[in-house]
Amino acid sequence: MHTGRSVSHKSRFARKRISEYTPGKPDCDKKVNGTKTIPRVRGSKAEYKRLDELYNKSIHDYYLAETTQSLHGTDDVWEEYTFVVRRTFDWKNEYQKTLVDIKSEELATVLKEVLKDVKTVNTRSDKPVLEPNLLFNYLPDLDEVLQKERAFPEETQNKNRITHLAILIEYLNTDYAPVAKILYPLLEHHEITYDLLWALFLPNTLVYTICAGSNEPRCLKLDCGQHKQDMRRGKWFQLDCHYVDYDGKTFGEAKAVIEIPAFTGSTRIDSLPAFPLAYHHDEEQVREKLIARGRKFGTFRGTHYKFYDGLAFFKKKKSLVRVNVRARIMVDSLTFRKMNPGYSMSPVKSGVGLQFAAMGDENSDDDGDDDDDGGQSGIPSFGGGALTKPPTPISIDLARSALSSRPQRLYKMNGNRMQLIQTGTAGDKKALRAVASLEPEEMSEEQLLICSPTVLGFSLGDKIYLEFSVEHIRDIVFNPTAFDSLVLPEKQKTIVRALVESHTDKSGKKRPGIDDIIKGKGQGLVAVLHGRPGVGKTLTAEGISEYLQRPLYMIGASELGTDPRTLEVQLSRILDVAHGWGAVLLLDEADVFLERRSVHDLMRNSLVSIFLRLLEYFQGILFLTTNRVETFDEAFQSRIHIALRYRDLDSKARRIVWKTFLDMVAREEAALAQNHDCAKKDDVPGTKIEKPLRQIVSTDELDGLARRDLNGRQIKNVVRTSQALAGSMDELLAMKHLLMVLEVTEEFEHDLKGTGQIDGAYL
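Residues numbered from 1 in each chain as written. Predicted model: local features only at pLDDT ≥ 70, side-chain atom pairs only at ≥ 80, totals over all residues. Heavy atoms only, no water.

Trainee: Could you give an account of the nonpolar core, naming the residues involved and the relevant values?
Mentor: Ranked by size, the top nonpolar core spans 129 residues in total, and within it Leu239 and Tyr553 carry the most contacts. Those residues in contact with Leu239, other than ones at most four positions away along the chain, are Phe201, Val207, Leu222, Cys224, Gly225, Ala256, Val257, Ile258, Ile260 and Ala274. (Core = buried A, V, L, I, M, F, W, Y, C linked by side-chain atoms within 4.5 Å. Buried < 20%, exposed > 50% of the residue type's maximum accessible area, 1.4 Å probe, protein only. Contact = heavy atoms within 4.5 Å.)

Put into structure tokens, the structure is as follows:
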């Protein structure tokens with residue numbers, strides 16, 4: 001019987017579905033008084049209905065039902081109270097947290113002013129919902145407002161505001177009395193427990209910590225702090241902060257997260273991984289140091305050629321790789337981000353502080369010369385204060401979306417309604433004005449204080465993109481005599497100097513000169529330097545870069561690879577970066593890319609063809625060094641502006657090289673001696689050296705050294721090794737040290753050429 005009823009029910013449902021969707025029959029008919037069927041007319045009711053599409057598990061199909069009235073849509077039965085302390089529970093009825101629902105308009109007005117700088121709280125709501133811990137943190141501010149309200153004459157007092165504020169303060173004093181009893185003595189002794197960290201880190205607190213990568217002190221500004229917990233990591237307190245950074249285009253706000261692991265008992269506040277700057281034992285000195293560093297950070301807009309001596313780092317997955325750098329670097333955030341698109345870093349919000357301004361005012365100025373933001377520039381929240389009568393702010397994301405949309409719609413508040421007042425392009429200035437990116441010259445001291453301790457760039461010596469500490473970046477001391485010290489025929493030096501000067505002068509402006517018929521082609525300067533090793537090919541490129549005071553970007557065949565698929569990508573990137581930096585590009589041992597093409601080696605033909613094509617459109621200065629110029633492809637001849645042949649050094653040239661390196665040692669000794677004397681006399685080191693340089697070897701000894709068959713690189717190595725030997729013996733460099741090293745060097749040369757006894761020949 002049960003089965004039959006079930007089948008009958010399903011049959012009736014099936015027949016109903018068939019009748020409802022039988023073609024030609026009116027849809028959705030209904031009976032009136034059980035007798036007459038009236039067809040339902042589409043769109044005949046001037047109202048709307050809310051329905052839910054639900055799933056019926058018994059019939060395995062969807063059906064429509066009227067939407068249940070939400071409790072949020074009913075009247076607030078608790079709105080007659082000043083505020084409501086609401087405890088929340090999850091679906092298991094386990095306690096989650098406590099919230100305070102503000103019902104009083106007077107109280108909402110006070111909290112809107114007190115919490116105006118707290119980003120994580122929506123005080124613009126008609127009935128704000130706040131956490132009681134936050135209210136307790138601002139209890140002194142609330143009490144100060146209450147005292148000011150009571151100080152007014154009685155006839156002008158706002159009785160409701162005073163009463164409601166007193167009730168809120170009484171609630172906080174009562175409920176948080178046990179917390180205050182523990183917290184205040186701890187803070188008095190500069191200590192804190194893990195459970196009370198929320199009471200230490202108030203929003204907008206300046207937080208002092210150590211940069212994980214550079215180990216340099218830094219400050220950030222706190223947005224919010226909260227306890228976190230998971231099964232794998234346990235408990236920790238998370239600080240969501242922001243700081244001022246530069247992304248290669250604009251200065252703006254970037255985000256950072258600091259975590260404080262859970263600990264037992266109480267601990268000193270200044271022993272935490274991060275703590276409020278006010279608890280630092282030398283707060284004033286830290287402030288001065290970080291503000292000075294912030295000013296230095298602000299000077300690194302764009303691209304800069306600098307010297308670096310210190311620890312640098314880069315992020316790799318979830319770890320840091322530190323590199324000790326003592327080399328020249330390029331500070332260039334834009335190129336860093338372009339070449340490392342997946343690098344972990346916070347985006348810089350250049351549009352922070354977007355605001356509506358002068359909307360709907362047809363008489364407002366379009367040129368934007370009026371006082372845009374009350375004297376505050378960039379990110380208003382960094383300044384720690386509110387603007388006087390600010391225009392209504394909008395969210396960053398909403399403003400950015402509005403700026404990028406086409407067409408752009410602009411609104412203004414008309415009573416309680418949002419009114420569309422204008423549509424147009426993103427160029428409409430008077431309707432929506434964005435506070436431009438922070439200008440370093442206009443930053444407040446607090447903004448300078450929270451500037452990033454590092455900048456992004458490229459180490460020319462290590463050939464790697466790194467984050468560099470601002471503290472260790474210095475100006476380059478160029479060697480003006482580097483080019484003149486080249487041991488080259490004077491005619492060749494004159495031609496090279498004229499070519500590089502005609503290509504681009506020191507001011508960076510292109511000098512007059514004929515162009516290719518096709519614009520953009522053949523505007524570079526390509527020089528081939530060929531000769532045996534150690535005769536000055538690399539030194540020529542280095543001397544040119546010193547003369548022009550431009551970076552020298554040295555690359556080898558190993559960095560480009562020999563796969564045509566990767567060569568084009570790598571070489572294009574390097575040429576693009578070198579041109580952007582105005583660098584002198586040196587491709588060392590370029591034989592593999594310049595060798596003559598043949599019908600039997602398609603791979604080599606591809607490499608040469610790619611190199612030829614990219615070389616045609618390169619607009620910078622490129623030096624190619626090679627030992628085998630006779631194997632060059634013919635197509636390169638028309639692309640080479642000058643080819644310099646370096647002959648083996650004769651005795652006269654070797655004498656000049658010996659004297660150059662020995663004089664460098666003498667100058668270094670004199671500088672060290674002078675600095676030592678200045679330290680004894682408390683004078684300033686680094687002043688001009690007045691004493692004549694020490695003659696390390698006599699004229700006859702110098703002539704004897706010049707007669708030895710050594711190239712320039714070998715001479716440099718001998719002098720450096722001899723200097724190290726003399727230092728180990730606690731003596732000044734002399735001829736005896738040079739002879740000791742030369743004896744060992746010449747023995748190796750004999751063995752290398754096969755003229756000496758071969759080691760192990762009689763074994």
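Continuing now.
Trainee: Please give an account of a nonpolar patch on the surface that cites residues and values.
Mentor: Together, Val77, Trp78 and Tyr81 give the surface a local cluster of nonpolar side chains, amounting to about 360 Å² of exposed area. Among the secondary structure elements, Val77 is positioned in the loop between strand 4 (61-66) and strand 5 (83-89). Judged by relative accessible area, Val77 falls into the exposed class, the value being 55%. (Patch = residues over 30% accessible without salt bridge, like charges linked within 9 Å, V, L, I, M, F, W, Y side chains within 5 Å. Areas by Shrake-Rupley, 256 points an atom, 1.4 Å probe, with all protein chains shown as cover. Salt bridge = Lys/Arg side-chain N within 4 Å of Asp/Glu carboxyl O. Helix = DSSP H or I, 4+ residues; strand = E, 2+ residues; numbered from the N terminus.)

Trainee: Talk me through the environment of Ile169; I want residue IDs and the actual numbers.
Mentor: Looking at the secondary structure, you find Ile169 in helix 5 (residues 159-175). Overall, the relative accessible area of 7% leaves Ile169 in the buried class. In this structure the C-alpha to C-alpha distance between Ile169 and Leu135, which are 34 residues apart in sequence, comes to 9.1 Å. In this structure, Ile169 is in contact with Leu139, Leu142, Asp143 and Leu146, ignoring residues within four places of it in sequence.

Trainee: Outline the pattern of salt bridges, supporting the account with residue identities and numerical values.
Mentor: Evaluated as defined, the whole model comprises 28 salt bridges. In this structure, Glu113 and Lys116 form a salt bridge, with 2.9 Å as the shortest nitrogen-oxygen distance. By relative accessible area, Lys116 is classed as partly exposed at 42%. Between Arg613 and Glu568 there is a salt bridge, with its nearest N and O atoms 2.7 Å apart. Here Glu568 lies in helix 15 (residues 564-581) and Arg613 lies in helix 17 (residues 602-616), a separation of 45 residues in the sequence. The exposure class of Arg613 is partly exposed, given its relative accessible area of 40%. Here Glu568 falls in the partly exposed class, since its relative accessible area comes to 29%. A single network of salt bridges, built from pairs that share partners, joins Lys119, Asp223, Glu253 and Lys255.

Trainee: Go over the confidence of the model for the protein with me, naming the residues and quoting the values.
Mentor: Confidence in the prediction of the protein, expressed as mean pLDDT, is 77, and 76% of residues score 70 or more. Looking at the elements of the protein, mean pLDDT is at its lowest for strand 17 (residues 355-356), recorded as 33, and at its highest for strand 23 (residues 473-474), recorded as 96. In this model, residues 418-436 is a region of pLDDT below 50 whose contacts with residues beyond four sequence positions or in other chains number 63 contacts. Note on residues 756-763: pLDDT is under 50 here. Beyond four places in sequence and across chains, it has four contacts. (pLDDT = per-residue confidence, 0-100.)

Trainee: Explain the side chain of Asp247 residue by residue, including any values.
Mentor: Inspection of the secondary structure puts Asp247 in the loop between strand 11 (234-246) and strand 12 (251-261). Buried within the structure, Asp247 lacks any salt-bridge partner; Arg337 is the closest side chain of opposite charge, at an N-O distance of 5.7 Å. A polar atom in the side chain of Asp247 sits 2.9 Å from the backbone nitrogen of Thr250. Setting aside residues up to four positions removed in sequence, Asp247 forms contacts with Ser333, Leu334, Arg337 and Val348. (Lys, Arg positive; Asp, Glu negative; His and termini not counted. Polar contact = N/O pair within 3.5 Å; in protein donor to acceptor, adjacent residues only side chain to side chain.)

Trainee: I'd like a rundown of the packing of aromatic side chains, residues and numbers included.
Mentor: The final tally for this structure, using the stated rule, is 21 aromatic pairs. The structure contains a cluster of three or more aromatic residues connected by ring pairs, namely Phe336, Tyr343, Phe458, Tyr465, Tyr553 and Trp581. Above the plane of the ring of Tyr243 lies Arg218, whose end atom (NZ or CZ) is 4.6 Å from the centre. The ring of Tyr547 carries Arg497 above its face, with NZ or CZ at 5.9 Å from the centroid. (Phe/Tyr/Trp six-rings, centres within 6.5 Å; stacked < 30°, edge-to-face > 60°. Lys NZ or Arg CZ within 6 Å of the ring centre and 35° of its normal.)

Trainee: Please give an account of the packing of helix 4 (residues 139-151) against helix 5 that cites residues and values.
Mentor: If you want to describe how two helices pack, look at the angle between their axes and the distance between the axes. Where helix 4 meets helix 5, the closest approach of the two axes is 10 Å, and the angle between their N-to-C directions is 150°. For the element pair helix 4 / helix 5, the angle class is roughly antiparallel. Considering only the axes of helix 4 and helix 5, their crossing is left-handed. Contacts between helix 4 and helix 5 involve Leu139, Leu142, Asp143, Val145, Leu146, Glu149 and Arg150 on the former and, on the latter, Arg161, Ile162, Leu165, Ala166, Leu168, Ile169, Leu172 and Asn173. Its residues assigned to classes, the contact of helix 4 with helix 5 comprises ten nonpolar, one polar and four charged. (Axes fitted to C-alpha atoms, helices over the stretch in contact; angles between N-to-C directions. Parallel < 35°, antiparallel > 145°, perpendicular 65-115°, else oblique. Left-handed = near helix turned anticlockwise from the far one by under 90°. Nonpolar A, V, L, I, M, F, W, Y, C, P; charged D, E, K, R; others polar.)

Trainee: For helix 4, give the residues involved together with the corresponding values.
Mentor: Compared with the 18 Å implied by 1.5 Å per residue over 13 residues, the 18 Å span of helix 4 between its first and last C-alpha is a close match. Inspection of helix 4 places Leu139, Leu142, Leu146 and Glu149 among the buried residues, and these make up the whole buried set. Summarising the axial view, the buried residues of helix 4 lie within an arc of 85°, below the 170-degree limit, and thus occupy one face. For helix 4, exposure combined with an orientation more than 90 degrees from the buried face picks out Pro140, Lys148 and Ala151. On its buried face, helix 4 is in contact with helix 2 (105-114), helix 3 (132-137) and helix 5. (Expected span 1.5 Å × (residues − 1). Arc of directions from axis to C-beta.)

Trainee: How would you sum up the sheet that holds strand 24 (residues 525-531)? Please name residues and give values.
Mentor: Taking strand neighbours across the sheet as the criterion, the five strands line up as 25-26-27-24-28 in an open arrangement whose pairing is parallel. On the outer flanks of this sheet lie strand 25 (552-556) and strand 28 (642-646), each paired with one strand and no other. Across the sheet, the mean angle from the axis of one strand to that of its neighbour is 20°, orientation sign disregarded. Bridge analysis of strand 24 against strand 27 (residues 621-626) gives six bridges, and the strand direction is parallel. By the bridge assignment for strand 27, Leu529 is matched with Thr625. (Pairing = 2+ DSSP bridges.)

Trainee: Give a detailed account of unusual backbone geometry, specifying residues and quantitative values.
Mentor: Peptide bonds are trans in most cases, and residues, glycine excluded, mostly fall at negative phi. Unusually for a residue other than glycine, Asn204 sits at a positive phi of about 75°. Following the sequence through the fold, Asn204 ends up in the loop between helix 7 (197-200) and strand 9 (206-210). With a phi close to 60°, Asn215 is a non-glycine residue in the positive phi region. Tracing the sequence through the fold places Asn215 in the loop between strand 9 and strand 10 (217-230).

Trainee: Which residues make up helix 2, and what are the values?
Mentor: Where helix 2 is concerned, the buried positions are Leu107, Ala108, Val110, Leu111 and Val114. Summarising the axial view, the buried residues of helix 2 lie within an arc of 165°, below the 170-degree limit, and thus occupy one face. Those residues of helix 2 that are buried are in contact with strand 5, strand 6 (95-102), strand 7 (129-130), helix 3, helix 4 and helix 5. Its side-chain oxygen at 3.3 Å from the backbone nitrogen of Glu106, Ser104 defines the N-terminal cap of helix 2.

Trainee: Please provide a residue-by-residue account of the packing of helix 2 against helix 4, values included.
Mentor: Between helix 2 and helix 4, the least distance of the axes is 11 Å, while the angle of their chain directions is 120°. Between helix 2 and helix 4, the angle is such that the two are oblique. Here the hand of the crossing between helix 2 and helix 4 comes out right-handed. Of the residues in helix 4, those touching helix 2 at Val110, Leu111 and Val114 are Asp141, Leu142 and Val145. Looking at the contact of helix 2 with helix 4 residue by residue, the classes come out as five nonpolar, no polar and one charged.

Trainee: Give a detailed account of the pairing of strand 12, specifying residues and quantitative values.
Mentor: With eleven bridges connecting them, strand 11 and strand 12 associate as antiparallel partners. Considered in strand 12, the bridge of Asp245 is made with Gly252.

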